[in-house]
Amino acid sequence: MTRKELFKNTLRKSVHAWKLINELPLSDDESLMLRHFMDQPGFLDLHWRMFVPAIKGQGTEEQKQKWLPLANKMQIIGCYAQTELGHGSNVQGLETTATFDPQTDQFILHSPTQTSSKWWPGGLGKVSTHAVIYARLITDGKDHGVHGFIVQLRNMDDHSPLPGITIGDIGVKFGNGAYNSMDNGFLMFDKFCIPRDQMLMRLSKVTREGKYVPSDVPRQLMYGTMVSVRQTIVSNASIAMARAVCIATRYSAVRRQFGSQNGGIETQVIDYKTQQNRLFPLLASAYAFRFVGEWLKWLYTDVTQRLEASDFATLPEAHACTAGLKSMTTSATSDGIEECRKLCGGHGYLWCSGLPELFAVYVPACTYEGDNVVLQLQVARFLMKTVSQLGSGKAPAGTTAYMGRAKHLLQCRSSIRKAEDWLNPAMVLETFEARALRMAVSCANNLSKFENQEQGFSELLADLVEAAIAHCQLIVVSKFIVKLEGEIKGKGVKNQLKNLCYIYALHLIHKHLGDFLSTNSITSEQASLANHQLRSLYTQVRPNAVALVDAFDYTDHYLGSVLGRYDGNVYPKLFEEALKDPLNDTVVPDGYHEYIRPLIKQHLRSARL
Ligand SMILES: CCCCCCCCCCCCCCC/C=C/C(=O)SCCNC(=O)CCNC(=O)[C@H](O)C(C)(C)COP(=O)(O)OP(=O)(O)OC[C@H]1O[C@@H](n2cnc3c(N)ncnc32)[C@H](O)[C@@H]1OP(=O)(O)O
Ligand SMILES: Cc1cc2nc3c(=O)[nH]c(=O)nc-3n(C[C@H](O)[C@H](O)[C@H](O)COP(=O)(O)OP(=O)(O)OC[C@H]3O[C@@H](n4cnc5c(N)ncnc54)[C@H](O)[C@@H]3O)c2cc1C
């Protein structure tokens, strides 16, 4: 499809999905499922996942009563317009202004510079009638920082932009189809007025007289919509990783290369230890991210209930966990999808493998909802704060509870003696805790050598990111272990999940061996025992690998991959796909007479000379 056709077709699908949701009707969970089967980014994502939650989280009761019924029936379509051309990560650096005019009781929205143009919001370019806009609030000449506003963008009769608004699509993005179904947009305001009651005023307010009443709750609640979406992105990472792994595992069982004895059958590539060493940790990650996603959903629900009761104590941890896990799982999944493409050899590069499009549509997850490095630095700040409070009498809780055992974890030596010890959950956990704590404490010690803490933080950014990643990996490993301790139906299933849990943990040790050795969390002998155990686990997973990806229950239609077909009938179907290509409509291609023939003739002429 051309971009226009793709965009229009996504509109058609979105509206059809919305119709089904209402007619059947579908529950919230079923609607989410439908979104996955629709399988294309579109305006519904931003409307439901950001516009509506932003009003719910930041609007007053009156604002919710006015706007939510319209939004819930999709009589208005909204998006989330925060990022600007000049600033995305640095939210406090946004430049759009919302100046209160007491004469008219309105805010005047203005884009003072080119860099202040909104740039990137999905659904903004062509579809949305409304947006939650983030702008600097100015009253009586004073800048109160960034706040949210509900703004109508387009005329409800003919969809034209309202006077004072310039709006459009930012252009083609990475990949052929992929994210190009979405109208990520730009927007500029030229002194555009909105009534005062369209500032989202649950947190802070502006009175009729123009007095600014600051929030008596943490202003970071304004970032709540991002926390909510980051949480869902972690479960989505599992879905995308599982999809790529399903394709690569099934194809690795079909594909044979080398190893024929006396003219016999060749070796299935899945039997090569190198293939297993690249593939099985990704299979394990798909399961691990699913379990940590379930736990994160619980954490998010818990913090939401606490916030409703004005208990803000766990907000910093919820922010650190959603930011860190969003970052870690999306980076691993993007890399994992690309690895699966390579695991499928040359055919993985074909569009019909399903992997190029999956990569193209997935990879921006490393950037949207917060650049992954910027988000890990938030985790690092949280860790540095926690370390600095050790010994102050305030016991670390939740995911940092292990830091409360700092005295032990800083000096303990791993008691792994034989390869099977690596199947002991307590020993594995302690190894990850020791590594994470030692990396965090080492950063804190290095930071303390700087007179200026912020300067020190800047200098140590790379180490801080590594420490944050170590902490996030510990969370994933520990939640996998907790899952195994709970009820899992079927002994066989539990054993398989145990194998995957240890593969997940031991491959991380292998991958980040430098961290584990340099922090003395393990010795080089223990590292080689871990490798030995890993190889043995691969052997145990191998006979069940295809069943473990079949368990994701993805239909062929959803996978969209010739290589990942359930029936394994890859080669005939690759031919079928190839023959469908428009280049094969004719035997002699268009352009032959114009370019190829004259070239060949010229060659023949010079040969004769
Ligand atoms: C396979 C097919 C596809 C299938 C897909 C299926 C589903 C679809 C997927 C889901 C839909 C996704 C749609 C994506 C659309 C994308 C939308 C967007 O991208 S919206 C824009 C997102 N933008 C960002 O994320 C910006 C990133 N920046 C920030 O969040 C912040 O500014 C910052 C975290 C970098 C902090 O900056 P800083 O200036 O330092 O902060 P402040 O001074 O403002 O605050 C410091 C203080 O606050 C704490 N803090 C920060 N953030 C939060 C928070 N969210 N909650 C709680 N607390 C927070 C921070 O820790 C500091 O605390 P302190 O105690 O002072 O140290
Ligand atoms: C597909 C897609 C959809 C999007 N949808 C929306 C949407 O609906 N609404 C919306 O408002 N926005 C949206 N965005 C914007 C998105 O949220 C931002 O692009 C994202 O937050 C990153 O910000 P940035 O582009 O300013 O990156 P930058 O911050 O400019 O990042 C550039 C580089 O600088 C590094 N960097 C930046 N700051 C630091 C630092 N302090 N320390 C160390 N390194 C740093 C980063 O790691 C990165 O390598 C979307 C983006 C994409 C790609």
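Structure: see above.
Residues numbered from 1 in each chain as written. Chains lettered and ligands numbered in written order. Predicted model: local features only at pLDDT ≥ 70, side-chain atom pairs only at ≥ 80, totals over all residues. Heavy atoms only, no water.

Draft legend 1. A look at the site of ligand 2. In the vicinity of ligand 2 there are 20 residues, among which Tyr80, Thr83, Gly88, Ser89 and Asp371 approach most closely. Between ligand 2 and Gly88 there is a distance of 3.0 Å, counted from an oxygen atom to a backbone nitrogen or oxygen. If one sorts the elements of the shell around ligand 2 by residue count, helix 9 (residues 372-388) sits on top with three residues. Class assignment of the residues belonging to the shell around ligand 2 gives a composition of ten nonpolar, eight polar and two charged. (Near = heavy atom within 4 Å. Polar contact = N/O pair within 3.5 Å; in protein donor to acceptor, adjacent residues only side chain to side chain. Helix = DSSP H or I, 4+ residues; strand = E, 2+ residues; numbered from the N terminus. Nonpolar A, V, L, I, M, F, W, Y, C, P; charged D, E, K, R; others polar.)

Draft legend 2. Quick peek at the sheet that holds strand 8 (residues 185-189). Strand order in the open sheet made by the three strands is 4-8-7, with antiparallel pairing throughout. The open sheet has two edge strands, strand 4 (118-119) and strand 7 (165-169), and neither has a second partner. Two strands pair when backbone bridges link them, and strand 7 and strand 8 are joined in this way by five bridges, in the antiparallel orientation. Residue Thr166 lies in a different strand from strand 8, and its bridge partner there is Met188. (Pairing = 2+ DSSP bridges.)

Draft legend 3. Up close: the side chain of Arg136. Inspection of the secondary structure puts Arg136 in strand 5 (residues 130-139). Here Arg136 falls in the buried class, since its relative accessible area comes to 16%. Of note is the side chain of Arg136, whose polar atom sits 2.9 Å from the backbone oxygen of Gln92. Other than its neighbours up to four places away in sequence, Arg136 contacts Gln92, Gly93, Leu94, Glu95, Thr96, Thr97, Ala98, Asp143, Gly145 and Val146. (Buried < 20%, exposed > 50% of the residue type's maximum accessible area, 1.4 Å probe, protein only. Contact = heavy atoms within 4.5 Å.)

Draft legend 4. Looking closely at the site of ligand 1. Taken together, 31 residues form the shell around ligand 1, and within it Ser89, Tyr223, Arg230, Glu369 and Lys385 come nearest. Note that a nitrogen atom of ligand 1 is positioned 3.3 Å from one of the side-chain N or O atoms of Gln82. Against a free-state accessible area of 1,400 Å², the protein chains account for coverage of 81% of ligand 1. Within the shell around ligand 1, the residues separate by chemical class into twelve nonpolar, eleven polar and eight charged. (Areas by Shrake-Rupley, 256 points an atom, 1.4 Å probe, with all protein chains shown as cover.)

Draft legend 5. Structural context of the packing of aromatic side chains. Under the criterion given, the structure shown has 17 aromatic pairs. For the pair Tyr80 and Tyr134, a centre-to-centre distance of 5.0 Å together with 50° between the ring planes defines the contact as tilted. Taken together, the residues span a long stretch of sequence, with Tyr80 in strand 1 (residues 78-81) and Tyr134 in strand 5 at a distance of 54 residues. What makes Tyr80 buried here is its relative accessible area of 6%. Judged by relative accessible area, which is 0%, Tyr134 ranks as buried. On the numbers, 5.1 Å between centres and 35° between planes, the contact of Tyr287 with Phe552 is tilted. On the criterion of sequence distance, the pair formed by Tyr287 in helix 6 (residues 273-308) and Phe552 in the loop between helix 17 (545-550) and helix 18 (556-559) is long-range, its members being 265 residues apart. Accessibility classification places Tyr287 together with Phe552 in one group, the buried group. (Phe/Tyr/Trp six-rings, centres within 6.5 Å; stacked < 30°, edge-to-face > 60°.)

Draft legend 6. Spotlight on the side chain of Ser327. Here Ser327 is to be found in helix 7 (residues 315-343). Classification of Ser327 by relative accessible area gives buried; the value is 3%. With sequence-adjacent residues up to four places away left out, Ser327 is seen in contact with Asn372, Leu375 and Gln376.

Draft legend 7. Just the pattern of salt bridges, in detail. Scanning all chains against the criterion turns up 24 salt bridges. Across the salt bridge formed by Lys64 and Glu61, the nearest N and O atoms sit 3.3 Å from each other. You can see Lys64 and its partner Glu61 sitting in helix 4 (residues 61-72), three residues apart, about one turn around the helix. Between Glu577 and Lys580 there is a salt bridge, with the nearest N and O atoms lying 2.8 Å from each other. Taken as a pair, Glu577 and Lys580 lie in helix 19 (residues 570-580) at a separation of three residues, close to a single helical turn. Members of the salt-bridge network, linked through shared partners, are Asp105, Arg196 and Arg208. (Salt bridge = Lys/Arg side-chain N within 4 Å of Asp/Glu carboxyl O.)

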